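Here is how the chains run, residue by residue.
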Amino acid sequence: MANDHKDAVEKGRSAKRVIFAAGGGLALVALGALVLEAGWVPTWISGRVADTADAESIYFQPPTDAEIPEGKFGDAIKRGRDIFMNTSTNAGDYVGNGLSCSNCHLDGGRQPLSAPMWAAWTRYPMYRKKNDQINTMEDRVMGCFTFSMNAQHSVAGGPPPHGSDIYRDLESYMYWLATGAPVNEKLDGTGFGKVEKTELGYSPERGAEVFTANCAVCHGADGQGQKDANGRIVFPALWGPGSYNWGAGMARIDTAAAFIKNNMPLSQPGKLSDQEAWDVAAFINSHERPRDARQGDASIEETRLRFHDGDQIYYGKELNGVLMGVGTPDPERPIGAPELPIGPTPLE
Amino acid sequence: MSKPRKHDSSKITRPPESYEPWESHNRIPLPVIWIALALGIWGTAMLFEDQTSYTVAQSAREAGEVMAHDAPEGGEALFLANCSTCHQPNGAGVRLAVPPLEGSEFAKAGPEVVARIMLRGIDGPIRVKGFTYDGHMPSFAAALSDSEIAEVAGFVAARFGGNAAELAPGAVAGLRGAAAGKDSWQGGAELATLVADLPPQPAMRAGSEADIDPAISDLIFAGKGDVWACTSCHGGLGQGVENTPRLAGLSGGYLAGQLRDFRDGARYNEHMAFVAKGLSDPEIDGLARYYAGLRVASTAAPSLGGDLARGEEIALHGDWPRGIPACFSCHGPSGFGVAPDFPALAAQQPAYIASQLAAWAGGHRNNSPLGLMDQISAAMSEGDRRAVADYLATLPAVPAVGPDAIAQLEGSDDGQ
């Protein structure tokens, strides 16, 4: 009897404990849920993004497309934007690969640390070691066409000539993006940023693994990018004939590492460590690409000494016994040249 | 000594027959009061919060409507909304990929030709202004009404072709009737029957109608063992409904990958895990091939009350300050998809898109390469997810539409 009673009391106590524990727990959960739903939890704990408040940015805020003014100037901005976003169509005669400005200058030239146009606009005219002269913005954009867009293989065979409307429209777009930005000041978010050198240096072999794990899903295992059903380039080629040539800034490993570190994988900037960014940049730039547009009749060694000496670039160096910089074969016909009457086409 | 067993009658003193168990009055235990209080506060707060988010959504929608009134009207607005992701706002197209409308032989031929093309889409090589394109254009028959097609066609012919002929909505109704049950235009060669004096057009592509393996056909239409048929949820044409995705026209690589993920547990859905666990690799590939080859008009329509303007903004341009890239920067500039890892988004069922975005954000779907979608979905607000899902539902299905598909859809209960 006494034992039974003790058992019962003991049972009652533990039951009570369970009720208290569960009740307290439930109350805590309910209160926690309340606190979370009410948005009293800092976002770094909850991982949520506020619904209404605009994300704070430490960077300069360029205007949105909806703010493009009416009238002739607005029309020029829109044409500039169309060239910027769809360069190989709207300035197609001067593009020798399938790239667009917006492939590297993300978000229509707005994204900080992807060489945003609002930051570039306010810093020209500028002295550049690259050509040892004062460069106007037109000179600078001409360089983009010459190297990054590989104009040597385009229909025109070179960049748009000075005074072309293409520069007028592009500059209108850039000028407008820089509305309100201080002139002749280096703004935060300028250029691609910088990645500190690492103790290990860089290695294309290590970079190959980083590439497979992080880049191949979009740019393809062969680095040639991917297209949609219509053959429209969605992910640009990173090397080979459809990519930037050896004279482009992106062919330098330090430049590419900075771009990658701060922008790639798309939507996950900073995911790669400094070491991984250096390695994968070295891997990408250890492949052959169209020849340096400035080479002319000079030898690779002469071109290296004149334009690449001291740069972090594989141009003119031997890699695994292969001389880099010889370029990809010139296309039989310029890229985008009108087709011959029904016959072989670029798609066949 | 062993414990007295419960039913050992000899050890238990029975209470008298008249005994009634009773309990004295006790206070309500404190924890119960806590819970009640907490739930009460929580409930009130939620009620309040819902109220405010409805108000916010409502005002956002109204603001969107107001903004829409400022935008260009009629044919130009419809053109910008429906055609410009491919043909570009200036009608220049995309070099070597999307034919230009500006100065195009087909735009010059007038609004009726443009409307006929819009109604059936194009699926074959076409030569425009001296360039050959691998034409894949969706049919807009399901996406736009007669009067909308008349307006767009009139705008395109006038603006880009310099042909100011009029096209009445009633005439489009007639063209729609004539297009019913017909396949997409098989490229420029078939369109040459429609437009006089076209420059020579590339030959039609040889049809590659592959017979479907009877075993795969059984899986799709009849089920196998205790596994139900694909069509019982995804619809007779793989068009999907509500939370069940459209499969028609998704890339084979993507479909096979998802089936394997369901089978191997990398993607979880109770029903699909059950279906996929019995599938062999050849069966998975056969199913993927079948659905990838289906050409079915869109049955999706906005249904989540999302803000379409905001959805379009996210799909086309993203919201970079929040870490949201444009959907189309990876899924293709018109949501056509990029094989094998980026599925087509155009015409996908909005409830499905919203549910998947929510699943990624909440960590319940984990098979996105590099965790790309996990991060992007988490960066989107709940309203953004509904907005983008609803916007994608307004787009026409890619690739173009097959003849049986239209006819079947019109005659079936699955169609809308």
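So, how was this worked out
Residue numbers restart at each chain and count upward from 1, following the sequence in its written direction. Naming scheme: in the order in which they are written, chains are lettered from A and ligands are numbered from 1. It should be noted that, the model being predicted, local features are given only for residues of pLDDT at least 70 and side-chain atom pairs only at 80 or more, the latter also being counted only at that level, while totals for whole chains, interfaces and linings use all residues. Orientation is described by lines fitted to C-alpha atoms, with helices fitted over the stretch in contact, and by angles between N-to-C directions that extend from 0 to 180 degrees. Numbering goes from the N terminus for both helices and strands, where a helix is a DSSP run of H or I of at least four residues and a strand is a run of E of at least two. Oblique is the label for every angle not falling under 35 degrees (roughly parallel), over 145 degrees (roughly antiparallel), or within 65 to 115 degrees (roughly perpendicular). Residue pairs are scored as contacts if the distance between their C-beta atoms, which are placed from the backbone, is within 7 Å. Amino acids are sorted into nonpolar (Ala, Val, Leu, Ile, Met, Phe, Trp, Tyr, Cys and Pro), charged (Asp, Glu, Lys and Arg) and polar (every other residue, Gly among them). An automatic or database domain assignment supplies the start and end points of every domain. As a per-residue measure, pLDDT reflects the predictor's confidence and takes values from 0 up to 100. UniProt positions are given in the numbering used here, feature names are shortened, and annotations may be inferred rather than shown by experiment.

Topic: the packing of helix α9 (residues 214–221) of chain B against helix α13 (residues 281–293) of chain B
Residue and element names in this part refer to chain B.
Then, in step 1: Across the interface, α9 lies against α13 with an axial gap of 10 Å and an inter-helix angle of 70°. Comparing their axes, α13 and α9 come out roughly perpendicular. Packed against α9, whose contacting residues are Ile216, Leu219 and Ile220, the element α13 presents Glu283, Gly286, Leu287 and Tyr290 at the interface.
Then, in step 2: Residues belonging to the contact of α9 with α13 are distributed by class as follows: 5 nonpolar, 1 polar and 1 charged.

What to know about the domain arrangement of chain A
Residue and element names in this part refer to chain A.
Then, in step 1: Annotation of chain A at the domain level lists domain 1 (68–177) and domain 2 (204–323).
Then, in step 2: For domain 1 versus domain 2, the distance between C-alpha centres works out to 21 Å.
Then, in step 3: Each side of the interface is counted separately: domain 1 has 14 residues, and domain 2 has 14 residues.
Then, in step 4: The element that contributes the greatest number of residues to the side of domain 1 that touches domain 2 is helix α7 (residues 137–148), accounting for 3 residues.
Then, in step 5: Partitioning the side of domain 1 that touches domain 2 into residue classes produces 5 nonpolar, 9 polar and no charged.

Here we look at the confidence of the model for chain A
Residues and elements named next belong to chain A.
Then, in step 1: The predicted model of chain A averages 87 in pLDDT, with 91% of residues at 70 or higher.
Then, in step 2: Confidence, expressed as mean pLDDT per element, reaches its minimum in chain A at helix α2 (residues 43–46) with 58 and its maximum at helix α8 (residues 165–177) with 96.
Then, in step 3: Across residues 49–54, confidence stays below pLDDT 50; counting only partners more than four residues off in sequence or on other chains, it has 8 contacts.
Then, in step 4: Below pLDDT 50 for its whole length, residues 344–348 participates in 6 contacts with residues either more than four positions away or in separate chains.

Describing the domain arrangement of chain B
Then, in step 1: Split by domain assignment, chain B resolves into domain 1 (74–191), domain 2 (214–297) and domain 3 (308–393).
Then, in step 2: With centres defined by C-alpha atoms, the gap from domain 1 of chain B to domain 2 of chain B works out at 33 Å.

So, the UniProt feature "domain: Cytochrome c" (unreviewed entry) in chain A
Then, in step 1: Here the UniProt-annotated "domain: Cytochrome c" (unreviewed entry) positions come out as residues 202–288 of chain A.
Then, in step 2: The distance separating the terminal C-alpha atoms of residues 202–288 of chain A is 18 Å; by composition the span is 43% helix and 6% strand.

Some thoughts on the packing of helix α6 (residues 146–161) of chain B against helix α7 (residues 169–179) of chain B
All names here are of chain B.
Then, in step 1: Relative to each other, α6 and α7 sit at 105°, their axes nearing to 8 Å. As the angle between them shows, α6 and α7 are arranged roughly perpendicular. Seen from α6, the contacting residues are Asp146, Ser147, Ile149 and Ala150; seen from α7, they are Pro169, Val172, Ala173 and Arg176.
Then, in step 2: Residue composition of the contact of α6 with α7, by class: 5 nonpolar, 1 polar and 2 charged.

Concerning the confidence of the model for chain B
Residue and element names in this part refer to chain B.
Then, in step 1: When pLDDT is averaged across chain B, the result is 82; 85% of the residues are at 70 or more.
Then, in step 2: Scored below 50 in pLDDT, residues 64–71 shows 5 contacts in the model against residues more than four places distant or in partner chains.
Then, in step 3: Here residues 403–416 is modelled with pLDDT under 50, and outside its nearest four sequence neighbours on either side it reaches 31 contacts, counting other chains as well.
Then, in step 4: The complex prediction reports pTM at 0.78, with the ipTM value standing at 0.76.

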